[in-house]
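Each chain, letter by letter, is given below.
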Amino acid sequence: MGLSTMQDAQVFKERCEDSPGVLVLCQGDWRPTEERVRLFEEQNYYVLTAANGYQDIVDWLPQPRCIGAMFAHPVTVAQARQLYPDKVIERFEGVGARFLRTLTQELPYGLHNAGLPFTSTTPPSLKTVDVVSVFSPVALKRGQLLVESLLAANVTAYLFAQSLGSSPELLASFFDVVQKAGKQIEYFHYPFDPYALVRIDGRIVIDGRPIGANNSVVSAYLARARLLVHTSTTEGISNSVMEALLNDVPVLVCDDIRGPLQDLSLQLPECISRSAPETEALALHIQALLATARVPGAVRETFRQVIDPFEINRSMVRGVQEWFARNGLPWKGHCLGLLGGVQSKIDLATSTAEESYRGHRHIYPSPAEAVQCAAFQMQIAQALGQTAHVASLRAEMDYIQAGLAAPAVESAVAPNQALHTLLATLAQSPSLRHVLVVGAATSPHMDTLIAQLGHNTHSPQLHCVENSLARLEAMVQRYAEQGFVHGYHASSVEREAFPSEADVRQFYATTPGKLQDYPLDHVLDWLRQDVAEMESGGLTPNAIPSILAQLGVGQFDMTVINGREFTGFAELQQLYGCETIILECTQTYKNQRSLAYLSQDPVYQLLFTEPDIANGLAIFTKR
């Protein structure tokens, strides 16, 4: 089955003998294309959709294979019911498997063990944390505003930031927020858990573990929280908001919130408060809400009068059963009875019942992001001396790495072997004509690359730019028998491309990595020496465009960026557009920013990354 048929969905009712199955379409690019409709017909599945809002009225409800739809807005629900009275239409937002499962099983079970009735919510006397929230440093989520407001309010908080570290660029912006606030970051581990948590100012914990590690504890922390703060600008009624309200936890949102949550906040002013999206205003609202005495259970019951997720779930199950009966279809097989929520990629043609429920593969993070997250966590474990955690994360990275290797590379191989196999494959490309290496450092993987270039029947030429004459001469001598290696004693960039000492100090203080293996004074001395060399006038600057002009080409076909410590990103800016880009020292100042940039770039895909080779090595190719 083609990848285009694998989308974010969940089996609601299993197919059984002559009884059709029912598939819930969750988030994702769902449209009733001919291929998808044919797939459902061939596999004997009907569709419930909760994927595209109002557009589902246009796209899906007219389809014979569509049983019904779920919408966040009451107005949309009313329109759909008027147009399609024979189909199952309900208000739906956040009624997900995790949400209903945790509320009906985990929390009641914990309360039962504490001697409380199953129907109770956590009493105020058992609350242990002021604020729970979801943190992301992207503009839409306004994570910076959230952290600044919590620090200003002087409260305790537990923030979920799933897979923090999967985007080095966003991670850097997070460190910047904390530094500007003048606060300290520390890392700590739960026993036996290799994923570290981040603590700010001793009272705000950010749980940045991967989603599989921290998703299951969201409900437990919400049950013990006094307030949920939600700073997003636009979003549906998220699982966390639903869980908070049903856990009797009030919610604070910003005045400029858009979407279904705006409507719900207007319907439930006693449960959902609003604040101007400013640090001081949010901090004052947080303090006031925490100081407000509430009748136990009032938030929960008020919310259930407007939206009762349990009743919605029952109505959907009954509605689908009645639709089957009206259309003469037998109701056989297991009905999971939990709608949506677990977004998974499902291959209907081959999935087992268990795989149907859990999904073949979670939709996030991507393999490349998972590797970045594990690499970040491994840096922390190494810095804390947690050798067992380092070994565990190394095994995890090896497992993920298998899915990133090029087709010609065996997946179940050691990182070094996989790297050398991949380099050999790339070096044999018939499209290679000119390869640029910035920096003349030698290594086993460079030996592999140059040796394999020599076996390429299309005779590619390798050009090396190096500021150190001694290193350049050593490299030229090492590969003297290779007639295609050309050396250039020059600077890849101009003096203006170097960062300031303040920039380097900030990076050193806020970004964990292998640069901290060296004292800060030594690192700054490297920068001063490089700058002095450039200012002496002894090197020809900006060699890259000069070499391209000599060769009469617009760009190199492949590049290895491993020059001076502080110019990696400036070199990437000149070499962007190469078919293959190899970054070395991705765990130091040299190429950490370059790694973050290419990881977010839709033009490039990550083929390989390994934090323990060459202070971090990554290989990108154009998609």
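None of these values were measured; they are calculated from a predicted model. (Residues numbered from 1 in each chain as written. Predicted model: local features only at pLDDT ≥ 70, side-chain atom pairs only at ≥ 80, totals over all residues. Heavy atoms only, no water.)

Draft legend 1. Quick peek at the overall build of the chain. Counting its regular elements, the chain contains 24 helices and 22 strands. Within the chain, the fraction of its 623 residues that count as buried is 54%. The long-range share in the chain, meaning contacts at least 24 apart out of those at least 6 apart in sequence, stands at 64%. Total accessible area on the chain is roughly 26,100 Å²; 52% of this is exposed by carbon and sulfur atoms. (Helix = DSSP H or I, 4+ residues; strand = E, 2+ residues; numbered from the N terminus. Buried < 20%, exposed > 50% of the residue type's maximum accessible area, 1.4 Å probe, protein only. Contact = heavy atoms within 4.5 Å. Areas by Shrake-Rupley, 256 points an atom, 1.4 Å probe, with all protein chains shown as cover.)

Draft legend 2. Seen up close, the pairing of strand E17 (residues 461-466). Most of E17 sits out of view: five of its six residues are buried. Read from strand E16 (residues 434-438) through helix H18 (residues 444-455) to E17, the crossover connection turns out right-handed. Regarding the hand of the β-α-β motif, the stretch spanning E17, helix H19 (residues 469-478) and strand E18 (residues 485-489) is right-handed. (Right-handed = clockwise from strand over helix to strand, strands pointing away.)

Draft legend 3. Up close: the sheet that holds strand E6 (residues 129-134). Taken in spatial order, the eight strands make up an open sheet running E8-E9-E10-E7-E6-E11-E12-E13, and their pairing is mixed. Of all strands in the sheet, those with a lone pairing partner are strand E8 (185-189) and strand E13 (272-275), marking the two edges. Along the sheet, successive strands turn relative to each other by an average axial angle of 25°, direction set aside. Note that strand E9 (residues 196-200) and strand E10 (residues 204-207) share three bridges and pair antiparallel. In the sheet register, Val198 faces E10, and the bridge partner there is Ile206. In this fold helix H5 (residues 143-153) packs onto E6, strand E7 (157-160), E9, E10, strand E11 (225-230) and strand E12 (251-254), with an angle of close to 170° to the strand it touches most, E7. (Pairing = 2+ DSSP bridges. Axes fitted to C-alpha atoms, helices over the stretch in contact; angles between N-to-C directions.)

Draft legend 4. Representation of the nonpolar core. In this structure, Leu48, Ile67 and Leu245 are the most contacted members of the largest nonpolar core, which totals 44 residues. With seven residues, helix H13 (residues 309-326) is the single largest residue contributor to this core. Setting aside its immediate chain neighbours within four residues, Leu48 contacts Phe12, Val22, Leu23, Val24, Leu25, Ile67, Gly68, Ala69, Met70, Met316 and Val320. Counting 34 residues, the second-largest nonpolar core is a separate cluster that includes Val147, Val198, Ile204 and Leu289. (Core = buried A, V, L, I, M, F, W, Y, C linked by side-chain atoms within 4.5 Å.)

Draft legend 5. Looking closely at the pattern of salt bridges. Counting across every chain of the model gives 19 salt bridges. Between Arg38 and Glu42 there is a salt bridge, with the nearest N and O atoms lying 4.0 Å from each other. Here the residue Arg38 and the residue Glu42 both occupy positions in helix H1 (residues 34-43), the gap between them amounting to four residues, near one helical turn. Classification of Arg38 as partly exposed rests on a relative accessible area of 42%. On the basis of relative accessible area, Glu42 is assigned to the exposed category, the value being 55%. Linking Arg528 and Asp525 is a salt bridge whose minimum nitrogen-to-oxygen distance equals 3.1 Å. Within this pair, Arg528 and its partner Asp525 are both found in helix H21 (residues 520-535), separated by three residues, close to a single helical turn. Classification of Asp525 by relative accessible area gives partly exposed; the value is 34%. Three or more residues are tied together by salt bridges with common partners; here these are Lys183, Asp201 and Arg203. (Salt bridge = Lys/Arg side-chain N within 4 Å of Asp/Glu carboxyl O.)

Draft legend 6. Broad picture of the sheet that holds strand E20 (residues 580-584). One open sheet accounts for seven strands, arranged E18-E17-E16-E19-E20-E22-E21; its pairing is mixed. Looking along the sheet, the strands with just one partner apiece sit at the ends: E18 and strand E21 (604-610). Mean inter-strand twist for the sheet, computed between neighbouring axes without regard to direction, equals 15°. Bridge count between E16 and E17: five bridges; the pairing is parallel. Counted as the bridge partner of Val437 is Cys464 from E17. Packed on one face of the sheet, H18 meets E16, E17, E18, strand E19 (558-561), E20 and strand E22 (617-622) and runs near 160° to E19. The strands that helix H23 (residues 568-575) touches are E16, E19 and E20; relative to E19, the one it contacts most, it runs at about 170°.

Draft legend 7. Broad picture of helix H24 (residues 589-599). Of all 11 residues making up H24, eight are buried, and the element is well covered by its neighbours. When H24 is considered as a whole, its buried residues turn out to be Tyr589, Lys590, Asn591, Gln592, Ser594, Leu595, Ala596 and Leu598.

Draft legend 8. Molecular detail of the packing of helix H20 (residues 501-510) against H21. One way to put it is that H20 packs onto H21 with a least axis distance of 11 Å and a crossing angle of 145°. The way H20 lies across H21 gives a crossing that is right-handed. Between H20 and H21, the contacting residues are Glu501, Val504, Arg505 and Tyr508 on the first element and Leu520, Val523, Leu524, Leu527 and Arg528 on the second. For the contact of H20 with H21, the residue count by class is six nonpolar, no polar and three charged. (Left-handed = near helix turned anticlockwise from the far one by under 90°. Nonpolar A, V, L, I, M, F, W, Y, C, P; charged D, E, K, R; others polar.)

Draft legend 9. Looking closely at the confidence of the model for the chain. Across the chain, the average pLDDT comes to 81, with 83% of residues at 70 or higher. Taken element by element, the predicted model of the chain shows its lowest mean pLDDT in strand E15 (residues 361-362) (47) and its highest in helix H11 (residues 279-291) (96). Predicted confidence is poor over residues 339-343, with pLDDT under 50, and the contacts of this stretch with residues over four places away or in other chains come to 33 contacts. Overall, residues 360-365 carries pLDDT values under 50, and its contacts beyond four positions in sequence, including any with other chains, amount to 18 contacts. (pLDDT = per-residue confidence, 0-100.)

Draft legend 10. Layout of helix H9 (residues 239-246). For H9, the buried fraction is high: seven of the eight residues fall into the buried class. The set of residues buried in H9 consists of Ser240, Val241, Met242, Glu243, Ala244, Leu245 and Leu246. Directly after H9, the chain includes Asp248, whose backbone phi takes a positive value near 70°.

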